[in-house]
Amino acid sequence: MKPSLPVTVVDHPLVQHKLTLLRDRNSSTATFRQLVKELALLLGYEVTRDLPLTTARIETPVTSMEAPRLDGKKLVFASVLRAGEGLIAGLSELVPAARIAHIGLYRDHDTLEAVQYYFKVPDNLANRPVIVVDPMLATGNSVCAAVDLLKKAGACNIRFLCLLAAPEGIAQLQNRHPDVAIITAAIDERLNEHGYIVPGLGDAGDRMFGTR
Ligand SMILES: O=P(O)(O)OC[C@H]1O[C@H](OP(=O)(O)OP(=O)(O)O)[C@H](O)[C@@H]1O
Ligand SMILES: O=c1cc[nH]c(=O)[nH]1
Ligand SMILES: [Mg+2]
């Protein structure tokens, strides 16, 4: 079996501080949404670290030069609905030219299996780096379903950005998709009997959108 890529935990103090505020049950819906966006901006720096650069000839006020440039039109952020949308708010500001894929999945409360209800992606996925985004990696069923669908649609350069990861979810993603690098702000202790991350932050989608 191919060895899996390592998990990157972004332990920057700003990230850890904002994550603590995010976990706090007393943080309001507005605060929660704002924090997820700010965390996306900070983690976006890490998840795009090794994207390929091209160059463009530009004129500075002094001379002309061949300057490095990201090909934003090639990059795809793939949002796992609903909660992925909170991260997209920050990432789409960071790379405005990026294409956005939407993958509708919800966890069945009893089986914890991912149920698909939507899939819309840019064309030519085989030639684009794809960054899958979802704040939570719990059992791993949702992200594995998302990656399965993206690979079936042609994607072959995929990484995953989340805020909280459970060891169980990391193990499943690394086992089923060892080629997908994981970037997270924290690895928590475990899942509880309902499949929630402990200590976690609760239900990310509900906290972000004010539902129950
Ligand atoms: O790793 P897993 O065990 O699959 O759990 C993680 C999934 O659960 C949450 O979504 P949820 O199913 O609550 O849907 P929502 O975003 O629409 O609220 C979360 O945003 C992930 O997509
Ligand atoms: O803790 C968890 C687990 C799955 N989905 C969430 O939103 N939170
Ligand atoms: Mg979901």
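Keep in mind it's a predicted model, so treat the numbers as computed, not measured.

A. Structural context of the confidence of the model for the protein chain. Per-residue pLDDT for the protein chain has a mean of 96; in total, 100% of the residues score no lower than 70. In the predicted assembly, ipTM is 0.97 and pTM is 0.96.

B. Just the UniProt feature "binding site: uracil" (unreviewed entry) in the protein chain, in detail. Here the UniProt-annotated "binding site: uracil" (unreviewed entry) positions come out as Ile197, Gly202, Asp203 and Ala204. Along the chain, the position of Ile197 falls in strand β14 (residues 197-198). The contacts of Ile197, once residues within four sequence positions are left out, are Met136, Leu137, Ala138, Leu164, Ala166, Asp188, Arg190 and Leu191. Relative to the assigned elements, Gly202 resides in the loop between β14 and α6 (204-209).

C. Region of interest: the pairing of strand β2 (residues 53-59). Alignment of β2 against strand β3 (residues 64-70), held across seven bridges, turns out to be antiparallel. Residue pairing across strands places Arg57 opposite Glu66, the latter belonging to β3. A loop of four residues connects β2 with β3, the two strands running antiparallel in sequence.

D. How the structure looks around the state of the cysteines. According to the stated counting rule, one finds zero disulfides in the structure shown. Cysteine Cys144 is unpaired, with the sulfur of Cys162 as its nearest cysteine sulfur at 12 Å. Note on Cys144: relative accessible area 0%, which makes it buried.

E. Quick peek at the site of ligand 2. Every residue close to ligand 2 is listed here: Arg107, Met136, Ala138, Gly195, Tyr196, Ile197, Gly202, Asp203 and Ala204. In the model, an oxygen atom of ligand 2 is placed 2.8 Å from a nitrogen or oxygen of the Ile197 main chain. Within the backbone of Ala204, a nitrogen or oxygen atom sits 2.8 Å from an oxygen atom of ligand 2. Considered on its own, ligand 2 offers 240 Å² of accessible surface; in the complex 89% of this is hidden by protein. Grouping the amino acids of the shell around ligand 2 by side-chain chemistry returns five nonpolar, two polar and two charged.

Thresholds, definitions, all that
- Residues numbered from 1 in each chain as written.
- Chains lettered and ligands numbered in written order.
- Predicted model: local features only at pLDDT ≥ 70, side-chain atom pairs only at ≥ 80, totals over all residues.
- Heavy atoms only, no water.
- pLDDT = per-residue confidence, 0-100.
- UniProt positions renumbered as here; feature names shortened; annotations may be inferred.
- Helix = DSSP H or I, 4+ residues; strand = E, 2+ residues; numbered from the N terminus.
- Contact = heavy atoms within 4.5 Å.
- Pairing = 2+ DSSP bridges.
- Disulfide = S-S within 2.5 Å.
- Buried < 20%, exposed > 50% of the residue type's maximum accessible area, 1.4 Å probe, protein only.
- Near = heavy atom within 4 Å.
- Polar contact = N/O pair within 3.5 Å; in protein donor to acceptor, adjacent residues only side chain to side chain.
- Areas by Shrake-Rupley, 256 points an atom, 1.4 Å probe, with all protein chains shown as cover.
- Nonpolar A, V, L, I, M, F, W, Y, C, P; charged D, E, K, R; others polar.

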